[in-house]
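# Analysis of the macromolecular model
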Amino acid sequence: MTESTLLLIEVGALLLGLGMLARLANRLGISPIPLYLAAGLACGDGGFVPLTASTEFFETGSEIGVILLLGMLGLEYTATELVTSLRQSRTAGLIDAALNALPGAAFALLMGWGPIAAVAVAGITWVSSSGVIAKVLRDLKRLGNRETPTILSILVIEDLAMAFYLPILSALVLGAGIVAGATALVVAVAVVLVILYLALRHGRVISAIFAPNHPESLLLGVLGLTMLVAGLAQQVNVSAAVGAFLVGIALSGQVAKNAQQVLSPLRDLFAAVFFVFFGLVTNPADIVPVIVPAAVLALVTMATKVYTGYRAAAAAGFGVPARWRTGFTLTPRGEFSIVIAGLAVSAGLEPQLAPLATAYVLITVLAGPLLARLPEALWFRRMLRRRATGTAGAVIAR
Amino acid sequence: MSVRVERVDLPGIGTRHDVITSAGRRIGVVSHRTGERELAIFDLDDPDSAADSIDLSDSEASALADILGASVMLGQLLGIQEQAGGLATEQLVLPTSSPYAGGVLGDTKARTRTSTSIVAIVRGTVVIPSPTPMTPLQAGDTIIAVGTRSGLDSLAQLLNSGPG
């Protein structure tokens, strides 16, 4: 059997399996991300089915996957939404960053992984998964809820913050040191501001180079521009993912809407490849020793996330049930945590980081959507009501 | 009478418009950027939460808007009843057996024969305000007429069984 035949067989079999897993996930009403990761773990390094010919394909595919994940995320937001969210939920965003990133950093230091790994783990525990949360909100019919804009703007701020965080991390993991890290940050800030300015003031000009009603040229053109900018961004150490995100933001109007439609099947394919590849390069045997630390980390950072959401919803003036809903909904971590871990691992940082991130994401992404349902449980509502009447009673007694 | 309408952005999804009724209930319409629409009814006990939400297609949303619009219009028309003394407003349904079903409004010569004025015709969810003599009539149309009590009675007679 030639190399290319083997490639077809391996990729085909794996994709077929992923298709079945995605169907199962849909049936169970959960995100397919944990199943993709598990599939990756089961194959490849230390798994049951070692892959030989297709590793390179999955490696390249996973890079395109990251670019598409971020590019599509950028397409979902308009520049105006980013600016408004930033203005309205700045405080919530800062509290979110402090409460969720610091436990991750402290954890890495306690594990003795050094300061650079601490920055990476901080990012892993900080960012909630916009993809999983948007799906949870839709599934639980909560898009109409009043606290939903609060949840979404925290996600927007986290995603935007990644545009500054990822360049710093990529500079740090390359061993560039503080000066290069600072330069990367300055470059990133400048680039993000320029793109935001262009998108806000001249969004039509950038979009004008594409014909929104010609799917073929739109697909090739937008994908090309996204990969080109991602590559250029990588070249100047500003992380390919961030470049893709910014292209997504810069496109607007009908072009953005139609590009989302033509690119989403590609995104689904390559994002699946990305999660599988991360599982492939992680040896399942390495997960066993980090399961307990990962569970502790997940428990702590899910609690801090709940607190963050509770506080943000309280500050926005919502009632107690809405505060709990906001908190619990924000708990799942997902694609970004894996992107960050991938960045750290590819640079050869702490070998235990990949299994830790895998276990951590698996736990939060499975527990998060279940927790999000908690405020609807009868006993939970009853408990809230009892507490509410309890305090009211105390006021009267006084 | 101003109505409180709130507009909220849902980053990455679309917008939500809420109408808050004078009784304090909240109804929300989520407009997805993809064009889907959702109608959300808010909970009484927990005013931040949508107790239920209903997905609406384009045509369903426009049918709902029509019904609401038509019933508001009817309400306003019927309001005349209280304002003008001696005049009454009545809704008459054109029966299948009517000689005018399938014809035009001019055929009835209602104004000359009964001294009443037909101010609107409601057909299903569509309101035809100020119909002309050329406006077609169909069995099942609701005819809204203004006139004296006796004039309206003879109009009902006319629509049912023709003149004389």
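Residues numbered from 1 in each chain as written. Chains lettered and ligands numbered in written order. Predicted model: local features only at pLDDT ≥ 70, side-chain atom pairs only at ≥ 80, totals over all residues. Heavy atoms only, no water.

## Comments concerning helix 6 (residues 115-126) of chain A
Residues and elements named next belong to chain A. Going by this rule: Going along the chain from the N terminus, every DSSP run of H or I of four or more residues is numbered as a helix, and every run of E of two or more is numbered as a strand. Each helix should span, by expectation, one fewer than its residue count multiplied by 1.5 Å. Under the scheme applied here, a residue whose accessible area is under 20% of the maximum for its type counts as buried, over 50% as exposed, and between as partly exposed, the area being computed with a 1.4 Å probe on protein chains only. Contacts between residues were defined by any pair of non-hydrogen atoms, one from each residue, lying within 4.5 Å.
Across its 12 residues, helix 6 extends 16 Å between first and last C-alpha, which sits within 8% of the 16 Å expected from 1.5 Å per residue. In terms of burial, helix 6 is largely enclosed, as 9 of its 12 residues are buried. Looking at helix 6, one finds that the buried residues are Ala117, Ala118, Ala120, Val121, Ala122, Gly123, Ile124, Thr125 and Trp126. Looking at the buried residues of helix 6, the elements they touch are helix 5 (90-110), helix 8 (148-173), helix 13 (284-315), helix 15 (335-346) and helix 16 (353-373).

## Describing the environment of A:Gly181
Residues and elements named next belong to chain A. Looking at the element boundaries, Gly181 is found in helix 9 (residues 177-207). Residue class for Gly181 comes out buried when judged on its relative accessible area of 6%. The spatial distance from the C-alpha of Gly181 to the C-alpha of Ser170 is 8.2 Å, given a sequence separation of 11 residues.

## Some details on the nonpolar core
For clarity, the threshold we go by: Residues enter a nonpolar core if they are buried and are Ala, Val, Leu, Ile, Met, Phe, Trp, Tyr or Cys, with the set joined through side-chain atoms within 4.5 Å.
Counting residues in hydrophobic clusters, the biggest one holds 106 residues, and the most contacted among them are A:Phe58, A:Phe275 and A:Leu353. It is helix 8 of chain A that provides the largest number of residues to this core, a total of 13 residues.

## Observations concerning the environment of A:Glu63
You can see A:Glu63 is positioned in helix 3 (residues 55-76). The exposed category is assigned to A:Glu63, whose relative accessible area is 52%.

## Some words on the pattern of salt bridges
To be explicit about the condition: We define a salt bridge as a contact between a side-chain nitrogen of Lys or Arg and a carboxyl oxygen of Asp or Glu at a distance within 4 Å.
Inspection of every chain in the model, using the stated rule, returns 18 salt bridges over all chains. The partner of B:Asp48 in a salt bridge is A:Arg146, with the nearest N and O atoms 3.2 Å apart. One end of the pair, B:Asp48, is in the loop between strand 4 (37-42) and strand 5 (50-56); the other, A:Arg146, is in the loop between helix 7 (130-139) and helix 8, on a second chain. The salt bridge involving B:Asp18 is made with B:Arg26; its shortest N-O contact spans 2.5 Å. Taking relative accessible area as the criterion, B:Arg26 reaches 10% and is therefore assigned buried.

## Regarding the interface of chain B and chain A
Selection criterion: Two parts placed together each lose some accessible area under a 1.4 Å probe, and the buried area is that loss summed for both. By the criterion applied in these results, polar contacts are pairs of N or O atoms within 3.5 Å in which, for protein atoms, one can donate a hydrogen and the other can accept it, and in which residues neighboring in sequence qualify only through two side-chain atoms.
Contacts between chain B and chain A engage 23 residues on the former and 23 residues on the latter. Summed over both partners, the interface of chain B with chain A comes to about 1,900 Å²; 49% of that surface belongs to carbon and sulfur atoms. It is B:Pro11, B:Arg33 and B:Asp48 in chain B that bury the most area against chain A; as a group they hold 34% of the surface buried on that side. In this structure, the connection of chain B to chain A is made through 3 salt bridges. In this structure, A:Arg325 and B:Asp46 form a salt bridge, with 2.8 Å as the shortest nitrogen-oxygen distance. The interface formed by chain B and chain A holds 9 residue pairs in polar contact (both at pLDDT 80 or more) in total.

## Structural notes on the domain arrangement of chain B
The cut-off we apply is this: Residue ranges for the domains trace back to a domain assignment, done automatically or taken from a database.
As assigned here, chain B comprises domain 1 (4-56) and domain 2 (78-161). Each of domain 1 of chain B and domain 2 of chain B was reduced to a C-alpha centroid, and the two centroids are 39 Å apart.

## Observations concerning the sheet that holds strand 9 (residues 142-147) of chain B
All names here are of chain B. Going by this rule: DSSP bridges decide pairing: two strands pair if at least two such bridges lie between them. Every axis in this analysis is a line fitted to C-alpha atoms, fitted for helices over the stretch in contact. Angles between the N-to-C directions lie between 0 and 180 degrees.
In spatial order, the strands read 6-9-7-8; together these 4 strands make up an open sheet with antiparallel pairing. Of all the strands in the sheet, the pair left with one neighbour each is strand 6 (88-93) and strand 8 (126-129). Pairs of neighbouring strands in the sheet enclose a mean axial angle of 20 degrees, with direction left out of account. Relative to strand 8, strand 7 (residues 117-123) is paired through 4 bridges, and the arrangement is antiparallel. The partner of Arg123 across the bridge, within strand 8, is Val126. Each of strand 6 and strand 9 is contacted by helix 4 (residues 149-161), which is oriented at about 10 degrees to strand 6, the strand it contacts most.

## Quick notes on a negative patch on the surface
Residues and elements named next belong to chain A. Here is the rule we go by: Patch membership needs two things, relative accessible area over 30% and no salt bridge, and members are linked within 9 Å if like-charged or within 5 Å if nonpolar (Val, Leu, Ile, Met, Phe, Trp, Tyr). Areas reported as accessible are Shrake-Rupley estimates using a 1.4 Å probe. Residue values count occlusion only from the protein chains shown. Charged residues are defined here as Lys and Arg on the positive side and Asp and Glu on the negative side; His and the ends of the chain fall outside this count. To locate a charge, take atom NZ for lysine, CZ for arginine, CG for aspartate or CD for glutamate.
Taken together, the side chains of Glu3, Glu56, Glu59 and Glu63 define an acidic patch exposed on the protein surface. No other element matches helix 3, which puts 3 residues into the negative patch. Structurally, Glu56 is set in helix 3. On the basis of relative accessible area, Glu56 is assigned to the exposed category, the value being 62%.

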